[in-house]
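# Summary of the model geometry
The primary structure of each chain is shown beneath.
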Amino acid sequence: MTTKRQTIITVFTAIYLLVVLFTDFSLTGFWTDVIFSIVIVTITLFIVFKRKTEKRWQTILLRITAILCSTVVYGLLILVLVNPMTWDTFKIRSFYYQKVDGRLFNAYFKPVGSYAGGEGNFWITESPIYFPLVETRKYYDRTVLWNFSVDEWDGERIDQNEVVKSYIIDEIIEKENNP
């Protein structure tokens, strides 16, 4: 039973990392992929190095795969934490579960701090209605000219959720209906 468990967890970890790194699919939320990747790689390393399998080549293959997956995850984490230019990813502000026309959308905003890049990066993802644990990126603007971090504009209160809904309607739904 341990050989099957080791093989399943190692293959699942490798496939999950390949999907997250090379496609637009991810888990819902900004930090969920980072946290889940760290947890699943740690569990994989523990399970694979706990016991050997019946076949030596299989043990070596599973351990090499687990080490490669952990190197990718922990290496990317270290690169992000060491490079001060990437620290601004901690400033992300997101809007959760905007429901428009029966569809679930998530909008994320990351301020950039300088006008040359607009007010910040803005992207919208869509989650399937029956499986809202995953999302696919539908829209991305790296230099959005609207600041989603403020709650007032010219002394008037702004509902950022309505602004996000208008982006969803204009940039995704209208463009899908009128290609």
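Reading the values: the criteria
- Residues numbered from 1 in each chain as written.
- Predicted model: local features only at pLDDT ≥ 70, side-chain atom pairs only at ≥ 80, totals over all residues.
- Heavy atoms only, no water.
- Helix = DSSP H or I, 4+ residues; strand = E, 2+ residues; numbered from the N terminus.
- Axes fitted to C-alpha atoms, helices over the stretch in contact; angles between N-to-C directions.
- Parallel < 35°, antiparallel > 145°, perpendicular 65-115°, else oblique.
- Left-handed = near helix turned anticlockwise from the far one by under 90°.
- Contact = heavy atoms within 4.5 Å.
- Nonpolar A, V, L, I, M, F, W, Y, C, P; charged D, E, K, R; others polar.
- Pairing = 2+ DSSP bridges.
- Core = buried A, V, L, I, M, F, W, Y, C linked by side-chain atoms within 4.5 Å.
- Buried < 20%, exposed > 50% of the residue type's maximum accessible area, 1.4 Å probe, protein only.
- Phe/Tyr/Trp six-rings, centres within 6.5 Å; stacked < 30°, edge-to-face > 60°.

With glycine set apart, most residues show a phi of negative sign, and most peptide bonds adopt trans. Look at D101: it is not a glycine, yet its phi comes out positive at around 55 degrees. Within the element layout of this structure, D101 appears in the loop between strand 2 (93–100) and strand 3 (103–111).

Turning our eyes to something else, we now look at the packing of helix 1 (residues 2–22) against helix 2 (residues 32–50). Helices that pack against each other are described as a pair by the angle of their axes relative to one another and the distance between those axes. It is at 10 Å that the axes of helix 1 and helix 2 come closest, and there the two elements cross at 155 degrees. One finds that helix 1 runs roughly antiparallel with respect to helix 2. Like other packed secondary-structure pairs, helix 1 and helix 2 cross with a definite hand, here left-handed. For the pair formed by helix 1 and helix 2, the contact residues are R5, Q6, I9, T10, F12, T13, Y16, L17 and V20 on the first element and D33, F36, S37, I40, V41, T44, I47 and V48 on the second. Tallied by class, the residues present in the contact of helix 1 with helix 2 amount to ten nonpolar, five polar and two charged.

With that settled, consider the pairing of strand 5 (residues 134–144). By the bridge criterion, three bridges tie strand 1 (residues 25–27) to strand 5 in an arrangement that is antiparallel. Counterpart to F25 in the pairing with strand 5 is T136. Across six bridges, the pairing between strand 4 (residues 120–127) and strand 5 is antiparallel. Bridged to G120 within strand 5 is V144.

Judged by nonpolar contacts, the single largest core of 17 residues is most densely connected at F122, I124, F148, Y167 and I168. Contributing elements (two or more residues each) for this core: strand 2, strand 3, strand 4, strand 5 and helix 4 (160–177). Contact partners of Y167, with chain neighbours within four places excluded, come to F122, I124, Y139, V144, W146, F148 and I172. In this structure, I9, I47, C69 and V73 belong to the second largest nonpolar core, which totals nine residues.

A few words now on the packing of aromatic side chains. One pass over the full model with this rule turns up eight aromatic pairs. Arranged with centres 5.0 Å apart and planes meeting at 80 degrees, the rings of Y16 and F36 form a pair that is edge-to-face. Taken together, the residues span a long stretch of sequence, with Y16 in helix 1 and F36 in helix 2 at a distance of 20 residues. Residue classification places F36 among the partly exposed positions, given a relative accessible area of 31%.

At their nearest, the axes of helix 2 and helix 3 (residues 56–82) sit 9 Å apart, and the two run at 150 degrees to each other. Between helix 2 and helix 3, the crossing angle belongs to the class labelled roughly antiparallel. Here helix 2 and helix 3 pass one another in a crossing that is left-handed. In this structure, helix 2 contributes S37, I38, V41, T42, T44, L45, V48 and F49 to the contact, and helix 3 contributes L62, R63, A66, I67, C69, S70, V73, Y74 and L77. When the residues that make up the contact of helix 2 with helix 3 are grouped by side-chain class, the tally is twelve nonpolar, four polar and one charged.

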